[in-house]
Amino acid sequence: MTKLARTAVTAAALTAAMSVAVPATAADKTLLKTPVAFGTHLPALGTPIKWVSEQLPVMSDNKLKMKIYEPGKLVAPPEILEAVSSGKVNSGYATAGYWQGKMPAAALFSAVPFGPEAGEYLAWMYFGNGLKLYQEMYDTAGYNVKVLPCAIISPETSGWFKKPIDKPEDLKGLNMRFFGLGASVMEKLGVGTVQIPGGEIFGALEKGAIDASEFSQPAIDQRLGFHKIAKYNYFPGWHQQSTVFELLVNKDAWGKMSKANQAILENTCKASMTNAIAEGESMQHDVMAKAQANGVEIRYWNDEMLTLFKNTWDQVVEEKKQDAFFNKVYTDMSNFRDGYDLWEANAFLPRPQPNL
């Protein structure tokens, strides 16, 4: 072969290689446009997805990026699931409990009254059938989304009240902001419940539109100012011993991502689970102490009230189990928890008792 011919062949080979390589590099790059349900200023509630957005370009060498849109800026929080599924946006951050009106089982992937604490929830999710059932729920309901658990927090407060609640009769007739499956319990006990966004709760309390509210952990509630109006803060958070938050990715967009970027996103969300719970656990005690100094009375539900909540929750479960997929998920979770009980009952030291 002549030198000229060899040069021509080499040039042709390089051109062919470049024509293959360039599209692959372009396909490697993904920008996730992500409306969120919680302001990123809220610690452990909104900050996890901001942390994820900061890590992705570092870990992917700028091949995977995320642009966050604060609540309502691009998509309203209640519309995030539909927007991601339809492809209006390619991702969104919320909690599955928002979709329980569309899929009753969704609340079980968000927070469960008298349900698992964070460690047990993660065990069921990643090493039981939880994650498989989570994706199956969306697939069965016809949503074109890939779901990634992307944050988790430990117990929330049980609520902020303007007056003491010492007996069942004290609940009757109250109007209260309440989330998820716990709202069904409160409704059975004579409470009128509404689910309004966090940013609107203070105004509703101040104007008397609601008499009480639960929202999240003390450090988050403090940012929203509930302690200025409602002076009785109740624990434990029987309705949300832990809460999972999800990153939804449009399935078509997910399929176009490189395997490397998929792995980076999945593992960054797993890391965010650790980061979120550590952040939340680090700050609650200081906030509670300051609230007490400012006149908030921290109260622990008496045995009568906790028993009432639990018995009423059992009634709600039986009603919810009429939905076949709710029953499937709840049964699987319960079976896992029955086994976990042997470990839980023997492994952990007793907790300090509250000063009642």
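None of these values were measured; they are calculated from a predicted model.

A.B. asks: What am I meant to see in the sheet that holds strand E10 (residues 243–250) here?
C.D. replies: In sheet architecture, strand pairing relies on hydrogen bonds along the backbone and comes in two forms, parallel and antiparallel. Taken in spatial order, the three strands of this open sheet run E3-E10-E4, and their pairing is antiparallel. The sheet is open, and its two edges are formed by strand E3 (91–94) and strand E4 (145–153), each paired on a single side. Each strand axis lies, on average, 20° off the axis of its neighbour in the sheet, ignoring direction. Pairing geometry for E4 and E10, over eight bridges, is antiparallel. Paired with Val147 across the strands is Leu248, a residue of E10. Here helix H5 (residues 130–140) sits on the sheet in contact with E4 and E10, set at roughly 135° to E4.

A.B. asks: Looking at this model, I keep getting lost on the state of the cysteines. Mind explaining?
C.D. replies: Formally, a disulfide is one covalent bond, and it connects the sulfur atom of one cysteine to the sulfur atom of another. Overall, the coordinates contain one disulfide when judged by the stated rule. In this model, Cys150 is linked to Cys269 through a disulfide, with the two sulfur atoms separated by 2.1 Å. Its S-S torsion of about -80° marks the bond between Cys150 and Cys269 as left-handed, since a negative value means left-handed. One end of the pair, Cys150, is in strand E4; the other, Cys269, is in helix H10 (residues 259–293), with 119 residues separating them in the sequence. Cys269 shares its class with Cys150; the two are buried.

A.B. asks: Explain the packing of aromatic side chains to me, please; I cannot follow it from the model alone.
C.D. replies: What describes a pair of aromatic rings is the distance from one ring centre to the other and the angle between the planes of the rings. Taken as a whole and assessed by the stated rule, the structure comprises 22 aromatic pairs. Pairing Phe38 with Phe245 gives two aromatic rings, centres 5.4 Å apart and planes at 85°, and the pair type is edge-to-face. Of this pair, Phe38 sits in the loop between strand E1 (30–35) and helix H2 (47–60) while Phe245 sits in strand E10, and the two are 207 residues apart along the sequence. With a relative accessible area of 6%, Phe38 lands in the buried category. Arranged with centres 6.4 Å apart and planes meeting at 85°, the rings of Tyr138 and Tyr143 form a pair that is edge-to-face. Per residue, the accessibility class of Tyr138 equals that of Tyr143, and both read buried.

A.B. asks: Got a minute to help me understand the sheet that holds strand E11 (residues 297–300) in this structure?
C.D. replies: Judged by pairing direction, the sheet is mixed, and its six strands sit side by side in the order E7-E6-E8-E5-E9-E11 without closing on themselves. Across the chains shown, the open sheet's two edge strands, defined by having one partner strand only, are strand E7 (192–194) and E11.

A.B. asks: How should the environment of Met59 be read in this particular structure?
C.D. replies: Locating Met59 in the fold gives a position in helix H2. Residues Met59 and Thr268 lie 209 residues apart in sequence; the distance between their C-alpha atoms is 8.9 Å. In this structure Met59 touches Ile264 and Thr268, once residues within four positions along its chain are discounted.

A.B. asks: I keep staring at the pairing of strand E2 (residues 64–69) and nothing clicks. Help me out?
C.D. replies: The side chains of a regular strand alternate, residue by residue, between the two faces of the sheet. Sheet analysis places E1 next to E2, joined by six bridges and oriented parallel. Bridge pairing in E2 places Lys33 opposite Lys67. Once you follow E1 into H2 and on to E2, the crossover reads as right-handed.

A.B. asks: Could you clarify how one ought to interpret unusual backbone geometry in this entry?
C.D. replies: Trans peptide bonds make up the majority, and among non-glycine residues the majority have a negative phi. A cis amide bond, omega -5°, links Phe235 with the succeeding residue Pro236. Note that Pro236 resides in the loop between strand E9 (232–235) and E10. The backbone of Ala44 sits at a positive phi, close to 70°, despite the residue not being glycine. Its place among the elements puts Ala44 in the loop between E1 and H2. Judged by its relative accessible area of 0%, Ala44 falls in the buried class.

Parameters at a glance
Residues numbered from 1 in each chain as written. Predicted model: local features only at pLDDT ≥ 70, side-chain atom pairs only at ≥ 80, totals over all residues. Heavy atoms only, no water. Pairing = 2+ DSSP bridges. Helix = DSSP H or I, 4+ residues; strand = E, 2+ residues; numbered from the N terminus. Axes fitted to C-alpha atoms, helices over the stretch in contact; angles between N-to-C directions. Contact = heavy atoms within 4.5 Å. Disulfide = S-S within 2.5 Å. Buried < 20%, exposed > 50% of the residue type's maximum accessible area, 1.4 Å probe, protein only. Phe/Tyr/Trp six-rings, centres within 6.5 Å; stacked < 30°, edge-to-face > 60°. Right-handed = clockwise from strand over helix to strand, strands pointing away.

Distances and angles like these do not, on their own, reveal function.
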